[in-house]
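# Architecture and fold: a report
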Amino acid sequence: MNFVDRIDEATRLKNALKGEKSSLVVVYGRRRLGKSTLIKRVLSDNDIYFLADRSEDQHQRTLLAKVIAQVLPDFDKLTYPDWDSMFRAVNYRTEKRFTLCLDEFPYLVEQSPELPSVLQKLVDEKQLKYNLVLCGSSQNMMYGLFLDSTAPLYGRADEIMRLTPLRLPYIQEALNLDAINAIEEYSVWGGVPRYWELRENRSSLNDALWHNILSINGALYEEPVKLFQDDVKDIVKTSTIMSYIGTGANRLSEIAARCNEPATNLSRPLKKLVDLGFLQKDVPFGIEEKNAKKSLYKIADPFMAFYYQFVVPNRSFIELGRKLPVEQALNAHFSEYVSMQWEKMCRDAVTGNLVNGVVYGTAKRWWGSVLNEDKKPEQVEFDVMAESLDKKYLLVGECKWTTQENGKQLTHELLRKVNLLPLAKNYTIVPVLFLKSSPKDNVGNVILPDDIVTLMK
């Protein structure tokens, strides 16, 4: 698969490494996002790349010395009793600046807790003759090592880059898809390049699902557990919470009831999952999160959402090799699942973007009870709601992942509902239909998949 995007990250990394002085650069983010690939593309033949593992510290130094010897001949002829002696020996031998990358840096720190302090001293002495790139997949540990004010390396890095999933348009480029197929594929694989590589090797989406996810031998069958191993201590509890949310328990009270625990016990693990990017906390448009009493927890990552909706409930069938029940679940609910991901993509596309000549702020959902035309309570919901930056316009949107919709009828219903909202009275209302395909009738307020891909570029 071709390397796509990461233009800004590659530029920042190159600039940091070719500065006048030696640099300490930190790259982190969840597994499979292409951190190592990005770094290797920037490094030259005269640079050193070392992938750490969980072996004991002396063995790691022996392995690293062998790699360094490719640039500094005979460097591995000596034994280095500690990290300080090794890094200083590299400094002593260096005549022309190069870059030393330590990938999976947290593994080294696990075996040698003193390592951050050793590096702090080297950096503070300002005598380092080579660049250091420290990379890691444990978001918690990397954050703690470099962004916690009590950590030895806090404030020492010249550049800190947190890699996040790639955006929707790049899967279209990477897999050469049309917009509709790109949205369906992104709903499964999300923005993770490694998943795209696995998908590319199969003939179709369905084939890739069965080969990589819906098989006990699939490369991604146990993927969530592998991701959690980097950042959470109680993997069982974390998986349980994700399972309940993935199957429809979205309110804190519902999650607590299913876990048979007080809601107060779940605040910390839920916040951690939000911070790690696995969950998101939805609050209605116009309400600050700290004041929200009806917030909902949703799985933020598309792959995780797919996994906990289709894999976990069907694990027994998958283990037994029974395809029929899983096929029935996919046939019955996959389109509905994609529609939920489509909603999120539409909100992301509107957020901070120019839509029909108007720039909008953060797009959110809105749901709640209002008084209808007969002065009776009615539950209404808006898939997309965003205020223009000049506070003159309110975009309200309906998202449908179906075909042959009646555009005029959808628009009429959208306007009827928004006219019931007191918060909408001070705006010019902009109704928008986000549809999978053009409606049966000719209405001018439609945004289609091609438009969403363009907006998100």
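Residues numbered from 1 in each chain as written. Predicted model: local features only at pLDDT ≥ 70, side-chain atom pairs only at ≥ 80, totals over all residues. Heavy atoms only, no water.

## Comments concerning the overall build of the protein chain
Rule in force here: Think of it this way: any DSSP run of H or I at least four residues long counts as a helix, any run of E at least two long counts as a strand, and we number them from the N terminus. The buried label applies to any residue whose accessible area, calculated with a 1.4 Å probe on protein chains only, is under 20% of its type's maximum; exposed applies above 50%, and partly exposed to all values in between. The contact definition used throughout considers only heavy atoms, calling two residues in contact when any of these lie within 4.5 Å. Note on areas: Shrake-Rupley, 1.4 Å probe, and residue coverage restricted to the protein chains presented here. His is not counted, nor are the chain ends, whereas Lys and Arg count as positive and Asp and Glu as negative. The location of each charge is read from NZ of Lys, CZ of Arg, CG of Asp or CD of Glu.
A count of helices and strands for the protein chain gives 20 helices and 14 strands. If you line up the protein chain on its principal axes, its C-alpha atoms span 85 × 55 × 45 Å. Here the protein chain holds 457 residues, and the buried ones make up 52% of them. Intrachain contacts of the protein chain at a sequence separation of at least 6 include 65% that bridge at least 24 residues. Counting only carbon and sulfur atoms, one obtains 47% of the accessible surface of the protein chain, whose full area is about 22200 Å². One finds the centroid of the 60 positive side-chain charges in the protein chain at a distance of 2 Å from the centroid of its 60 negative side-chain charges.

## Some words on the packing of aromatic side chains
Spelled out, the test is: Pairing of aromatic rings covers Phe, Tyr and the six-membered ring of Trp, with a centre-to-centre limit of 6.5 Å; geometry is then stacked below 30 degrees between planes, edge-to-face above 60, and tilted otherwise. Should the NZ of a Lys or the CZ of an Arg lie within 6 Å of a ring centre and within 35 degrees of the ring normal, that charge is described as sitting over the ring.
Counted by the stated rule, this structure contains 15 aromatic pairs. Ring geometry for Phe334 versus Tyr337: centroids 6.3 Å apart, planes at 35°, classification tilted. Here Phe334 pairs with Tyr337, and both are found in helix α18 (residues 323-350), just 3 residues apart, close to one helical turn. Using a relative accessible area of 15% as the deciding quantity, one classes Phe334 as buried. Following the ring pairs from residue to residue traces out a cluster consisting of Tyr195, Phe303, Tyr307 and Tyr308. Positioned over the ring face of Trp210 is Lys323, at 4.5 Å from the centre of the ring.

## Describing a nonpolar patch on the surface
Note the following rule: Within the patch definition used here, like charges are joined within 9 Å and nonpolar side chains (Val, Leu, Ile, Met, Phe, Trp, Tyr) within 5 Å, considering only residues with over 30% relative accessible area and no salt bridge. Just to be clear on terms, a salt bridge is a Lys or Arg side-chain nitrogen sitting within 4 Å of an Asp or Glu carboxyl oxygen.
A cluster of nonpolar residues, Tyr143, Leu147 and Ile160, forms a patch on the protein surface that exposes about 240 Å² of accessible area. Mapped onto the elements of the fold, Ile160 is located in strand β5 (residues 159-162).

## Observations regarding the environment of Ala69
In this structure, Ala69 sits in the loop between α3 (57-68) and α4 (83-93). The spacing of Ala69 and Val109 is 40 residues in sequence and 23 Å in space, taken between C-alpha atoms. Filtering out sequence-adjacent residues up to four positions away, Ala69 remains in contact with Asp74, Phe75 and Asp76.

## Overview of the pattern of salt bridges
The full count for this structure, using the stated rule, is 26 salt bridges. Two residues, Arg31 and Asp230, come together in a salt bridge whose shortest N-O distance is 2.7 Å. With a gap of 199 residues between them, Arg31 in the loop between β1 (24-28) and α2 (35-42) and Asp230 in helix α12 (residues 223-231) connect regions that are remote in the sequence. A residue is classified by how much of its surface remains accessible, and Asp230, at 13% relative accessible area, is buried. The salt bridge involving Arg365 is made with Glu381; its shortest N-O contact spans 2.9 Å. One end of the pair, Arg365, is in strand β10 (residues 364-371); the other, Glu381, is in strand β11 (residues 377-387), with 16 residues separating them in the sequence. When its relative accessible area of 33% is taken as the criterion, Glu381 is described as partly exposed.

## Concerning the packing of helix α13 (residues 235-246) against helix α14 (residues 252-259)
Formally: To get an axis, a line is fitted to the C-alpha atoms, and for a helix only the part in contact is used. The angle between two axes follows their N-to-C directions and goes from 0 to 180 degrees. The labels follow the angle: roughly parallel below 35 degrees, roughly antiparallel above 145, roughly perpendicular from 65 to 115, and oblique for the rest. Each crossing gets its handedness from the near helix: less than a right angle anticlockwise from the far helix is left-handed, clockwise is right-handed. As a working rule, the residues Ala, Val, Leu, Ile, Met, Phe, Trp, Tyr, Cys and Pro are called nonpolar, Asp, Glu, Lys and Arg charged, and the rest polar, with Gly in that last group.
Contact geometry for α13 and α14: axes closest at 10 Å, N-to-C directions at 125°. Classified by the angle their axes make, α13 and α14 are oblique. The two elements α13 and α14 meet at a crossing, and its hand is right-handed. Along the contact surface, α13 presents Thr240, Ile241, Tyr244 and Ile245, while α14 presents Ile255, Arg258 and Cys259. Residue composition of the contact of α13 with α14, grouped by class: 5 nonpolar, 1 polar and 1 charged.

## Notes on the sheet that holds strand β14 (residues 446-447)
Test applied: At least two DSSP bridges between two strands are needed for those strands to be called paired.
Strand order in the open sheet formed by 5 strands is β10-β11-β12-β13-β14, with mixed pairing between adjacent strands. Of all strands in the sheet, those with a lone pairing partner are β10 and β14, marking the two edges. When strand β12 (residues 393-400) meets strand β13 (residues 428-435), the two strands line up parallel, connected through 8 bridges. Bridge pairing links Cys399 to Phe434 in β13. Set on the sheet, α18 makes contact with β10, β11, β12, β13 and β14; between it and β11 the angle comes to about 45°. Contacts from helix α19 (residues 407-418) reach β11, β12 and β13, with the element oriented near 140° to β13.

## What about the nonpolar core?
As a rule of thumb, nonpolar side chains are buried together in soluble globular proteins. Note the cut-off: We call a set of buried Ala, Val, Leu, Ile, Met, Phe, Trp, Tyr and Cys residues a nonpolar core when their side-chain atoms join them within 4.5 Å.
If you look at the biggest cluster of nonpolar residues, it comprises 94 residues, and the most contacted ones within it are Leu168, Trp189, Ile213, Phe434 and Ile452. For this core, the leading source of residues is α18, giving 10 residues. If you look at the next biggest cluster of nonpolar residues, it comprises 37 residues, including Ala52, Met86, Leu122 and Tyr130.

## Quick look at the pairing of strand β2 (residues 48-51)
Covered by surrounding structure in β2 are Ile48 and Phe50 only, the residues Tyr49 and Leu51 on the alternate face being uncovered. Relative to strand β3 (residues 99-103), β2 is paired through 4 bridges, and the arrangement is parallel. Its bridge partner being in β3, Leu51 is matched across the sheet by Asp103.

## Quick word on the sheet that holds β3
The strand order across the open sheet formed by 5 strands is β2-β3-β4-β1-β5, and the pairing between neighbours is parallel. Each edge of the open sheet is held by one strand with a lone partner, namely β2 and β5. Adjacent strand axes in the sheet meet at a mean angle of 15° when their direction is disregarded.

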